[in-house]
Structure formats: structure tokens, C-alpha cells
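# Summary of structural features
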Amino acid sequence: MRACVLTATGGIEHIQIAEVPDAPAPRAGEVRVAVHAAALNHLDLFVAAGLPGTAERFPFVVGADGAGIVETIGPGVTTVQPGDRVMLNPGISDYSCEFCRAGEHSLCVNYRLLGEHLPGTMAELVTVPAHNVARVPNLSPPLTWAEAAAFSLVTLTAWRMLVTRARVTQGETVLVWGVGGGVSLTAMRIAKLFGARVFVTSSDDAKLAAATQLGADATFNHRTQKVAEEIRVLTNKRGVDVVIENVGAATWDDSLRCLRRGGRLVTCGATSGPQVGLDIRRLFWHHWSLLGSTMGSAAEYAEIVRQLGKGELRPIVDRVFPMAQARQGYERLARGEQLGKVVIEVPS
Ligand SMILES: [Zn+2]
């Protein structure tokens, strides 16, 4: 099959289109999907750069997000049939450890991601557990393959951050850094869905204007404005109820300065660096909750698919590249030019 692969780690110059062996025929409980589109995430840049414990065998098929048509089902699969249009949940759990048994599939001790630990979605075929596919909801107008591929990773991540971890409620204030990113943009939309007031940042005024169109209540250019000071003015020195972080080192101090007494900070990433400082006296004095979050559970995935079926959280696609030009998609993401998802069309 044709696939987009890494021939080595060390950067996106190692991305190539290659002929590789077909994804294996599905075993019991698995399905094989003929992929029509795959979406890029910041994770794909980290995998290309090289993360410990990932992408060790080359050529390695990249891509976490994807959507396509069920091609073959393994024994015992009853939830989908060949021919079904499906989206993929990229988080693979063992469904047997204590955390899985408690319904916390993204805490699984054997948690692995497509395109990071396992062969990914940017290929004509991918084989995954049937647990990890969901039928594409019927919407009007119908979801495109690009939209379906763009849905899972960022929506699942942002949903767990806002709903399960931060427990955002109507009337609360939420600060989201870097609204051009897929998780951040989706976090803004989920916070609005729950009736929160949402403040967003970007270094790009055009993205801030677009965010306003999509519902942002206030916007800040974090390159030209001092966000923490602006937030203090905007909230009468109180600070926001919730901060949504995935930037890390560059924004951490300001995130804490923006947080109200008793506020919650949720982080799912560290794109600018993972090491930050914390004055423990401020943590206990202000009763802050600092919350980690990664991906989400099967129940959370089912819930976001249900929301999509109601017409909510329809993915915002930035640009679609044919698989032959996948590297250009990576470059667009690396330069931070996107608003919404960069999608790779897989030829079928
Ligand atoms: Zn498990």
C-alpha cells in the first residue's frame, strides 16, 4: 500500500511517500479501514523530531487522526460492517488493566497512539480495534472526509480538559492560549457550548479576528500585549476560573498570574518546553488545582461523537493537501500558520 512514512527521526525532511506492506488483516475484535483522509496534529511534529519509545522501526507510517471506509472486519466484530464510513479514535487501550476496567481508557498502562507507538493513519489501510472506530454521523451538509478525519484527537482532548477535568460551567471565564492550534480552537468552542465566557490569545491578529467570529468574548495578541495584565484589568483583578494550557514553558507563569483564587489550570501539552517553575506557597495559598489531561476515555469519545451528530463541534479544516504533498502540510503546521486542522487526503 502507499503510505506517508518516516524513514528516520530527526525532522520532517525524513517524511516520504513509500510503498509498504499492507496493514495486517484484522484479527478477532479488529477492523481494517480504507483511509480517505488523515489529519495532522502537533504530535506528528514531535514524532518526526523523535520521541523516546516511539517510531523505532522504519519506514514508520505516520498519522494519528483518520477517517475512511471499513474494508474488512475480524471475527466477533458486530459494531460496524464493511462499507461503513468511520472515524478513528487514535488512542489504543488494552481494555484489561485496572484503569481501563474503571472506564479510564486514556490512563491505560499500555496506552498507545496511532502514528506514535503504532503504525498510523496516513496510508491506504490501517488496522485498529473495533473499539476505536465510530460511524461518521449523518449531517446536513454531510461531513467531508477531511472534516471527519479532523475530528477525533483534538475534540477528545479538549472535551476531557474542559468537561471532565475542569468541569467548566455556565458563566465561568476561561482563558485559552494559542487559538490557532486545533486543541485550543476546539477548547474555545466547547467552553462556549457550556455557556462560559472565553478569552483567547494568538500572535496573529487575523486568527484573533476569526476567533471572534467563532465566539471568542475577548482576544489578546500575546506578542504585542501583556496577557496577564490585560486579564487582570478585564476581570477586575479577580482572574479567570479556568486556564487551558498546551504551550508550557513560554506561558506557564502568565497562566498562573491569570488564574483566580481556587481556579483550575488544565494542561495537555508543552509545545514551547516542558520545564516550568512553581512557588508552592502560591499554589496552596490560592487553592489552585493544576490538572493534567491526555486524550480521553471510550465514554468521552462516544459523547463527542453524539455531540457531532447534534451538529455541534463540526471540525474546522484549515487546508487539505494531497498525500504526495504531505510534507507541505507538516511545514504549514510547523510554521504555525494554520487556523483549524491541516488534513492530508489519502488517494483511494
Ligand atoms: Zn488498560
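Shown above is the structure to which this text applies.
Report follows, based on the coordinates. (Residues numbered from 1 in each chain as written. Predicted model: local features only at pLDDT ≥ 70, side-chain atom pairs only at ≥ 80, totals over all residues. Heavy atoms only, no water.)

## A word on the sheet that holds strand E4 (residues 60–61)
- Spatial strand order, E2-E1-E4: three strands in an open sheet with antiparallel pairing. For this open sheet the edge positions go to strand E2 (15–19) and E4, each flanked by a neighbour on one side alone.
- Alignment of strand E1 (residues 2–6) against E2, held across five bridges, turns out to be antiparallel. Within E2, the position partnered with Leu6 by the bridge is Ile15. (Pairing = 2+ DSSP bridges. Helix = DSSP H or I, 4+ residues; strand = E, 2+ residues; numbered from the N terminus.)

## So, the packing of aromatic side chains
- Within this structure, the stated rule accounts for one aromatic pair.
- Seen from their ring centres, Trp159 and Phe194 are 5.6 Å apart, and the 65° between their planes marks the pair as edge-to-face. Here Phe194 lies in the loop between helix H4 (182–193) and strand E12 (197–202) and Trp159 lies in helix H3 (residues 145–165), a separation of 35 residues in the sequence.
- For Trp159, a relative accessible area of 5% puts it in the buried group.
- The class of Phe194 is partly exposed, set by a relative accessible area of 28%.
- Just above the ring of Trp145 sits the side chain of Arg85; from NZ or CZ to the centre is 4.3 Å. (Phe/Tyr/Trp six-rings, centres within 6.5 Å; stacked < 30°, edge-to-face > 60°. Buried < 20%, exposed > 50% of the residue type's maximum accessible area, 1.4 Å probe, protein only. Lys NZ or Arg CZ within 6 Å of the ring centre and 35° of its normal.)

## Observations concerning the packing of H3 against helix H9 (residues 298–309)
- Look at H3 against H9: their axes get within 10 Å of each other, and the N-to-C directions meet at 105°. The pairing of H3 with H9 is recorded here as roughly perpendicular in orientation. Across the interface between the two elements, Phe151, Ser152, Thr155, Leu156, Trp159, Arg160 and Thr164 from H3 touch Glu300, Tyr301, Glu303, Ile304, Val305, Gln307 and Leu308 from H9.
- Residue composition of the contact of H3 with H9, grouped by class: seven nonpolar, four polar and three charged. (Axes fitted to C-alpha atoms, helices over the stretch in contact; angles between N-to-C directions. Parallel < 35°, antiparallel > 145°, perpendicular 65-115°, else oblique. Contact = heavy atoms within 4.5 Å. Nonpolar A, V, L, I, M, F, W, Y, C, P; charged D, E, K, R; others polar.)

## Quick notes on the coordination of the zinc ion
- At the metal site, the zinc ion is ligated by Asp94 (OD), Cys97 (SG), Cys100 (SG) and Cys108 (SG), and these contacts range over 2.1 to 2.3 Å.
- For the zinc ion, all donor residues lie on one chain, and their spacing in sequence is D-x2-C-x2-C-x7-C.
- Judged by its relative accessible area of 5%, Cys100 is buried. (Donors = N, O, S within 2.8 Å, 3.2 Å for Na, K, Ca; no water.)

## Remarks on unusual backbone geometry
- Cis geometry is adopted by the peptide bond preceding Pro59, which originates at Phe58 and carries an omega value of -5°.
- Here Pro59 shows up in the loop between helix H1 (42–49) and E4.
- For the bond running from Ser140 to Pro141, omega is -5°, close enough to zero to count as cis.
- Following the sequence through the fold, Pro141 ends up in the loop between strand E10 (133–135) and H3.
- One non-glycine residue with positive phi stands out, namely Tyr95, at about 55°.
- Summarising the element assignment, Tyr95 is placed in the loop between strand E7 (91–92) and helix H2 (98–101).

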